[in-house]
Structures are given as structure tokens and as C-alpha cells.
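Working through the structure, step by step
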Amino acid sequence: MIELKNISKEVLEAGVKIPILRNIDLTILKGEFVSVMGPSGSGKSSLMNILGSLDLPTSGDYLFEGTNIQRLSGKQLADFRNQRLGFVFQSFMLIPRLSVKDNVEVPLLYSTYNKKERTRRIKEALEQVGMIHKAKEPIINLSGGQKQKIAIARAIINDPDLLLIDEPSGNLDADSKGEILDIFKSLNAKGKTIVLVTHDPEVAQVGKRILILKNGSWAQPMKGVEVY
Ligand SMILES: Nc1ncnc2c1ncn2[C@@H]1O[C@H](COP(=O)(O)OP(=O)(O)OP(=O)(O)O)[C@@H](O)[C@H]1O
Ligand SMILES: [Mg+2]
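Residues numbered from 1 in each chain as written. Chains lettered and ligands numbered in written order. Predicted model: local features only at pLDDT ≥ 70, side-chain atom pairs only at ≥ 80, totals over all residues. Heavy atoms only, no water.

Overview of the sheet that holds strand β1 (residues 2-13)
The test is simple: By this definition, two strands are paired if DSSP reports at least two bridges between them. Numbering of helices and strands runs from the N terminus, with a helix taken as a DSSP run of H or I at least four residues long and a strand as a DSSP run of E at least two residues long.
In spatial order, the strands read β2-β1-β4-β5; together these four strands make up an open sheet with antiparallel pairing. Among the strands making up the open sheet, the edge pair consists of β2 (16-28) and β5 (67-68).

Shown next, in the form of C-alpha cells:
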């Protein structure tokens, strides 16, 4: 599904090139569940930004089902992100005063689905994360764990092929964490490909493959790090 070939990312700081990702290769098959770990500043979020087509690498190729993502136009990229990818950010990025269902509906605003189809999708997404009973509640009334579930519901509303999840368990208690990990497992069992970034070894273990970034490079050979 995904192939990163020799991806590097540099940023300029006071005229000096700082490498953030160095010659990264990565192949992800459809249906895989990959966890990415590594110290703070090792480049995990930078890698996720490239996978999410939110940022371009300095060099290298990103192929998604054989299509070179760097060659897509702005409109094609927006459609690609909206239809194929689901994002769960650590900071949730929910709109506090809107209701749960209005937040989950946001990615559908760019679609041509009619009201009935939108309502069906919102219901299905909220059921998958066990939050249908909170549909009319404003986001500000929810706990951290509940907000995380709403962010997941929003990420899956367009039935994406790839879910990109950055630090899902930041400030969660053990119960919420367990529930959220169960949601990820069940989404993967239903066929969603998942890439998950985390500092938490317990969270990383839900992935079927764990990769470690250090200083912008893979810390171990990518083959042979299967944990199950
Ligand atoms: N746009 C940018 N300009 C300058 N430096 C950047 C930029 N983006 C990232 N960096 C630097 O690149 C390095 C990698 O950052 P990144 O956010 O990918 O790390 P991370 O592994 O996600 O860390 P954390 O675990 O703390 O979230 C850091 O040193 C960061 O300061
Ligand atoms: Mg990060």
C-alpha cells in the first residue's frame, strides 16, 4: 500500500540545514498495524506528516498504491487526504462548542453525501467508538478519553484506508487507554491499515510490527522486528 523510498527531510535554521529524517525506507502492506516509537525529537511526527501528505520530503519518493504523492496537484492531494486517510492528532483538534455529532461530521462537509447518508455515517462511526449516547453533547463537556474517541470517530467517518495516529494515550487513565486500544484493534481487524506513533510501550504492543526511529533513522533493520 505504502512505499517510502530513501526519504530525507531537512529544515533550514539560521541558514544551516538540519536533517530531521535521513534516508528512510518503509513498506507497509494493506491491513498492517505498525507502531513507531523513538525518543522525543527523533522525527516521528515529521514522518507522520509526510505519510499524511501534510508535508513534502526534501528528497525521496512516497508511493501510495503505486501513485507518487509528490506529483499530485493541490486538489488531488486534498481529495486523497479526505478520502483515503484518517488522522488522529494528540491534541484532538475538535471544535469545543460544537456537539459531538457536528464535530464528527466535519470531514463530510466536503462530500456530496445527502443528509440521510451523512446521518447514517455519523451514527456508525459513533457506534464503533461506543459514543453514540453522547452525540448531542458539546465537546467541552467530555473527558480526555471521550474526546479521544470522538477524534477517532471523526477520523473514520469517510471510511479511510489508512489511519495515522500520533500519541493516542497522552493523558489518559488506564481504563480509557484500554478502551481506545480495543477500538484500534477492532478497526484493524475490520481491515484498516494503521500507523501509530507512541512513547508508551504498552500502546506500541497493539501494533503487529514495532519500528524505532532514532535521530531521523531506523534504529534497527526493518525486517525481523516483528513482535508477534
Ligand atoms: N519545521 C521545523 N523547523 C525546524 N525544526 C523542526 C521542524 N519540524 C521538526 N523540527 C525538528 O525536527 C526534529 C524532529 O521533530 P518531530 O516533531 O518529528 O519529533 P518527534 O519524534 O515527533 O518528537 P516527540 O516525541 O517529542 O513528539 C526535532 O528536533 C524538531 O525540533
Ligand atoms: Mg511528535
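What to know about the site of ligand 1
As a reminder, the rule being used: Nearness is judged by heavy atoms alone; a residue qualifies as near a molecule or strand once a single heavy atom is within 4 Å of it. Think of a polar contact as two N or O atoms within 3.5 Å of one another; within protein, one of them needs to be a possible hydrogen donor and the other a possible acceptor, and neighboring residues in sequence only count if both atoms come from side chains. All accessibility values rest on the Shrake-Rupley procedure with a 1.4 Å probe; residue burial counts only the protein chains present in the view. In this classification, Asp, Glu, Lys and Arg are treated as charged, Ala, Val, Leu, Ile, Met, Phe, Trp, Tyr, Cys and Pro as nonpolar, and every other residue, Gly included, as polar.
Around ligand 1, the structure places Val-11, Glu-13, Ile-20, Pro-39, Ser-40, Gly-41, Ser-42, Gly-43, Lys-44, Ser-45, Ser-46 and His-199. Here an oxygen atom of ligand 1 and a backbone polar atom of Gly-41 are 2.8 Å apart. Gly-43 is positioned such that a nitrogen or oxygen atom in its backbone is 3.0 Å from an oxygen atom of ligand 1. Burial of ligand 1 by the surrounding chains reaches 56%, relative to a free accessible area of 640 Å². Of all elements in the fold, only β1 and α1 (44-51) reach the threshold of two or more residues within the shell around ligand 1. Broken down by element, the residue count for the shell around ligand 1 peaks at three residues, all from α1. Residues belonging to the shell around ligand 1 are distributed by class as follows: three nonpolar, seven polar and two charged.

Things to note about the sheet that holds strand β6 (residues 85-88)
Put simply, the rule reads: Any pair of residues with heavy atoms lying within 4.5 Å of one another is described as a contacting pair. To get an axis, a line is fitted to the C-alpha atoms, and for a helix only the part in contact is used. The angle between two axes follows their N-to-C directions and goes from 0 to 180 degrees.
Here we have six strands laid out as an open sheet, ordered β6-β7-β8-β3-β9-β10, and mixed in their pairing. Each of the sheet's edge strands pairs with one partner strand only, and the pair in question is β6 and β10 (217-218). With two bridges connecting them, strand β9 (residues 209-214) and β10 associate as antiparallel partners. Each residue of the ladder has a partner; that of Lys-214, found in β10, is Ser-217. Taken strand by strand, α1 contacts β3 (33-37), β6, β7 (162-166), β8 (193-197), β9 and β10, and its axis lies near 155° from that of β7. Where helix α6 (residues 174-189) meets the sheet, its contacts fall on β3, β7 and β8, and the angle it forms with β8 comes to roughly 150°.

Re helix α4 (residues 115-128)
Heads up, the rule is: Helices are assigned an expected span. That span is 1.5 Å times one less than the residue count. Categorising residues by exposure relies on relative accessible area from a 1.4 Å probe, with only protein chains included: less than 20% of the type maximum marks a residue as buried, more than 50% marks it as exposed, and the intermediate range marks it as partly exposed. Here the arc refers to the set of directions running from the helix axis out to each C-beta atom.
The end-to-end C-alpha distance of α4, which contains 14 residues, comes to 20 Å, matching closely the 20 Å that a straight helix rising 1.5 Å per residue would cover. Among all positions in α4, only Arg-118, Arg-121, Ile-122, Ala-125 and Leu-126 are buried. Take α4 and look down its axis: the buried residues cluster within an arc of 125°, on one side only. Following α4 by one or two positions, Gly-130 adopts a phi angle in the positive range, close to 65°.

So, the packing of aromatic side chains
Our working definition: Two aromatic rings, drawn from Phe, Tyr or Trp (for Trp, its six-membered ring), form a pair once their centres lie within 6.5 Å of each other, and the interplanar angle then sorts them: stacked below 30 degrees, edge-to-face above 60, tilted otherwise.
The tally for this structure, following the rule as stated, stands at two aromatic pairs. Judged by centre distance (4.9 Å) and plane angle (80°), the ring pair of Phe-64 and Phe-80 falls under edge-to-face. Separated by 16 residues along the polypeptide, Phe-64 in strand β4 (residues 59-64) and Phe-80 in helix α2 (residues 74-84) bring together distant segments of the chain. Residue classification places Phe-64 among the buried positions, given a relative accessible area of 3%. Note on Phe-80: relative accessible area 8%, which makes it buried. Arranged with centres 5.7 Å apart and planes meeting at 0°, the rings of Phe-87 and Phe-89 form a pair that is stacked. What makes Phe-87 buried here is its relative accessible area of 16%. For Phe-89, a relative accessible area of 29% translates into the label partly exposed.

Comments concerning the pattern of salt bridges
Where we set the bar: One speaks of a salt bridge when a side-chain nitrogen belonging to Lys or Arg is within 4 Å of a carboxyl oxygen belonging to Asp or Glu.
Throughout the structure, instances matching the rule amount to 16 salt bridges. In this structure, Glu-124 and Arg-120 form a salt bridge, with 3.0 Å as the shortest nitrogen-oxygen distance. Here Glu-124 and its partner Arg-120 are both found in helix α4, four residues apart, which amounts to about one turn of the helix. Judged by relative accessible area, which is 41%, Arg-120 ranks as partly exposed. Between Lys-149 and Glu-179 there is a salt bridge, with its nearest N and O atoms 2.3 Å apart. Taken together, the positions of Lys-149 in helix α5 (residues 144-156) and Glu-179 in helix α6 put the pair 30 residues apart, joining distant regions of the chain.

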